[in-house]
Amino acid sequence: MRKYVPKDSVQKKSYYTDRFWVAPRVPRLAVEDEHFVAVVEAVGEDSKESYVEVGQLVIHIEATDNIKVIKKLKEECGYTQCSEQSAVDYLARDGEFELFYQLLNVNEAKRVRVVCRIKDGEPIESITPLYKSANFAERELFDMFGIKVNNHPFLKRILMPDDWEGHPLLKTYPLEGDEFASWYEVDKIFGKEYRDIIGPENRDPAHIDREDSKRFSRVGYEVPFGAEVAEAQSEQEIAYSKIFLTNYNSKKSKVLDERR
Amino acid sequence: MQVSNKLTPFFENLNFERDDKTMVINFGPQHPSAHGQLRLVLELDGEQVVKAYPDIGYLHRGIEKMAENMTYNEFLPTTDRLDYIAATANNYAYALAVEKLLDIEAPRRAQVIRTMLLEINRVISHLFFIATHALDVGAMSVFLYAFREREFAMDLMEDYCGARLTHSAVRIGGVPLDLPEGWLENAASFCDKVDYELEHTYNALLEKNRIWKMRLEDVGVLSTEDALSWGCTGPMLRGSNVNYDIRKEEPYELYGELDFDIPVSDRCDSYGRYRLYMAEMKQSTRIIRQLIPLYAETTPELMAHSPQYISAPKEEIMTQNYALMQHFVLVTQGMRPPKGEVYVPTESPKGELGFYIKSEGEPYAYRLKCRAPSFFHTGLLQEILVGTYIADVVTIIGSTNIVFGEVDR
């Protein structure tokens, strides 16, 4: 029987997990810091949940409120910089994306993470009117997850080519790339009619082809460059060189002056 | 976007002549001043830039995707390839993020070594900046001198970890090796050398150089609001009169107990940023000098003691059965951090390098986001270049100090 591979996540999984293993959780502390209490009060009822995780305030909000809440944080609480924004793919488990906005208050040296969730296919409102850094960050978000961003000035792929299909950071996208990826360069450079001659691109970096004497050699079974590799070739003796090897175990460090 | 097929091939340099008398040119990705793989599409009116569009992604290797498919320790050498000019800064930022997630702290000696390595990497990166920036602007000789000193710093790194560019000199929970004999003396003499050369070579060549000042002064002016709004960090932010350095404001490692200053410039232009880089190198050597006596006071532990996550020292593995079993599980399966998310910012030579890690209790990170400073500095180019002249474009790109390993990831 073929091995079962779940379709909703093709990421690498641990080959063994103890039956009784329960992962602990990073403690989520109550908001006690004076500044953070003021921030939570300013956000008010829009905050669904708030706690402090590893020294940073996390506020969960509704995705539709994102621009309202972040505007409050920027104008009332002094969070003048949006360091980062991106998403986490929870489509397999909840059918949702988790979006986060990482904000920084330069004067207080405090960081807040605003977290919201959107359903698959739902758009999110752009925060480019508030932070210009969102311009690139939201393009990357769109490129990597396919999340549409409303009212973005120039929503276009940023890291992948414009005519790429698929969104690489989704859990359903394999690490080596999909069918489209393996034909992309062949189609682009030579044309579709050359597919049979060239074959799909090998996207496995650890791939070794024993038959290919142009790019691979085999110690003890060397053949001239480009020659056919015979099926049952006998092993040749290896001639080791007699050069003395450098002793890399020596504890002595190099004297800087010697390089001059 | 051109639609290319067999009849109409793809033209690298798009339409030069258009009806509205502006010219569209491709700056890069092969331009020597494009810092690697930047393709900048510039719309020019005469020699003035009307529109700039940075096109990135030529060096995209999917490092964040790789992180989801590797155990935490496996991923560490991959972080070298982010900002390859100062690899230890990336290793450290990643290791610190995982340590925060695991809630462990490196032993004192490891902290001293790490802080020294970070500062040496800062000097390496800044010297590289001065060298390439001056070369881009047209001052060839600075490049030769700066690379000479950078070579000494790389010798120090090589003596410590064996690698010159991709160091992987930091591990999650500490450092793998102790310092070799004579390393501290070499580091001290290196500091003296850098300080001397800063004063007598670079400053003498550039500081009051008429051409250098004409090319840099009032070029690439970035206001404080724009710097904050565009997500600028590091020297770009401090060059725009914001006194914010993560080493000082949110101290990590030993920076809390060290005595150093944060240079800030209120000029908001390329010349101010250049001065800032020079001043920061001086502070780095000052930090290394303070760390040298601290090393002698430490005990020889190099890795944190946390058997659930970090392999025990070699003696324990070789003598105690349970330590060997734990080591075996950690090597074959990888460590399983607790569930949770963490964002840890560090001050890399280019700016705020942060790692966001979302863990679901698996040996593989559920999501890892690398917040690279250069990515946001590249985004800034589309605004800061508008209205400048084509000759200044090179100065401004050089001044942002972007490295494409971390822009494209």
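As shown above, the structure is provided for reference.
For clarity, every value in this text was computed on a predicted model and none was experimentally measured.

Trainee: Just give me the short version of the sheet that holds strand 5 (residues 351-359) of chain B, but keep the residues and values in it.
Mentor: All names here are of chain B. Strand order across the open sheet formed by 3 strands is 4-5-6, with antiparallel pairing between neighbours. Both outer strands of the open sheet, strand 4 (340-348) and strand 6 (367-371), are each paired with one neighbouring strand and no more. The average angle at which neighbouring strand axes cross in this sheet is 10 degrees, direction not considered. Pairing of strand 4 with strand 5 involves 9 bridges; the strand directions are antiparallel. Across the sheet, Glu347 pairs through a bridge with Glu352, a residue of strand 5. Lying on the sheet, helix 3 (residues 87-102) is in contact with strand 4 and strand 5; it crosses strand 4 at an angle near 150 degrees.

Trainee: Describe the interface of chain A and chain B, naming the residues involved and giving the relevant values.
Mentor: Between chain A and chain B, the residue contacts involve 41 residues of the former and 55 residues of the latter. In terms of residue count, strand 4 (residues 81-90) of chain A provides more of the side of chain A that touches chain B than any other element does, 6 residues in total.

Trainee: Hey, could you go over the sheet that holds strand 1 (residues 28-29) of chain A for me, with residue numbers and the actual values?
Mentor: Residues and elements named next belong to chain A. Read from one edge of the open sheet, 6 strands run 1-2-3-6-5-4, paired in mixed fashion. Single-partner strands in this sheet number two, and they are strand 1 and strand 4. Across 10 bridges, strand 5 (residues 96-105) lies against strand 6 (residues 110-119) in antiparallel orientation. When the bridges of strand 6 are listed, Phe97 appears paired with Ile118. On the sheet, helix 1 (residues 34-43) packs against strand 2 (49-53), strand 3 (56-62) and strand 6 and is oriented at approximately 10 degrees with respect to strand 3. Running over the sheet, helix 2 (residues 66-77) touches strand 3, strand 5 and strand 6 and is turned about 170 degrees from strand 6.

Trainee: Go over the nonpolar core, please, and point to the residues and values.
Mentor: With 155 residues, the main nonpolar core has Val114(A), Ala97(B), Val98(B), Ile120(B), Ile130(B), Phe355(B) and Ile357(B) as its most contacted residues. Counting residues per element, this core draws most heavily on helix 4 (residues 108-137) of chain B, which supplies 16 residues. Apart from the residues within four sequence positions on either side, Ile357(B) is in contact with Ala97(B), Val98(B), Leu101(B), Glu341(B), Val342(B), Ala365(B) and Leu368(B).

Trainee: Break down the pairing of strand 5 of chain B for me, citing the residues and quoting the values.
Mentor: Residues and elements named next belong to chain B. Burial analysis of strand 5 places 9 of its 9 residues in the buried class, which makes it a mostly covered element. Linking strand 4 to strand 5, which pair antiparallel, is a turn of 2 residues. Strand direction decides the pairing type here: strand 5 and strand 6, joined by 5 bridges, are antiparallel. The partner of Ile357 across the bridge, within strand 6, is Leu368.

Trainee: How would you sum up helix 2 of chain A? Please name residues and give values.
Mentor: Residues and elements named next belong to chain A. If you check helix 2, its first and last C-alpha atoms are 15 Å apart, about what 12 residues at 1.5 Å a residue would give, namely 16 Å. Within helix 2, burial applies to Asn66, Val69, Ile70, Leu73 and Cys77. Down the axis of helix 2, the sector holding all buried residues measures 95 degrees, keeping them to one side. Buried residues along helix 2 sit in contact with helix 1, strand 3, strand 5, strand 6 and strand 7 (124-125). Positioned one or two residues after helix 2, Gly78 has a phi angle of 80 degrees, which is positive.

Trainee: Explain the pairing of strand 3 (residues 48-55) of chain B residue by residue, including any values.
Mentor: Residues and elements named next belong to chain B. For strand 2 (residues 39-45) and strand 3, the ladder comprises 7 bridges, and the chain directions are antiparallel. For Asp45, the partnering residue across the bridge sits in strand 3 and is Gln48. The turn linking strand 2 back onto strand 3 is made up of 2 residues, and Gly46 within it adopts a positive phi angle of 70 degrees.

Cut-offs applied
- Every chain is numbered on its own, with residues counted from 1 as its sequence reads.
- Ligands are numbered from 1 and chains lettered from A, in the order in which they are written.
- Residues qualify for local features only when their pLDDT is at least 70, as the model is predicted, and side-chain atom pairs are given and counted only at 80 or more; totals for whole chains, interfaces and linings, by contrast, use all residues.
- When DSSP finds two or more bridges between a pair of strands, those strands are recorded as paired.
- The helix count covers DSSP runs of H or I at least four residues long, the strand count covers runs of E at least two residues long, and both are numbered beginning at the N terminus.
- For every element, the axis is a line fit to its C-alpha atoms; helices are fit only across the contacting stretch, and the angle between N-to-C directions ranges from 0 to 180 degrees.
- A pair of residues counts as a contact when their C-beta atoms, built from backbone coordinates, are separated by no more than 7 Å.
- Buried Ala, Val, Leu, Ile, Met, Phe, Trp, Tyr and Cys residues form a nonpolar core when they are connected through C-beta atoms within 7 Å.
- Each residue is classed by its C-beta neighbour count within 10 Å, where at least 20 other C-beta atoms makes it buried, 12 or fewer makes it exposed, and intermediate counts make it partly exposed; the C-beta atoms are placed from backbone geometry.
- By this rule, a helix spans an expected 1.5 Å times one less than how many residues it contains.
- Read the arc as the range of directions from the helix axis to the C-beta atoms.

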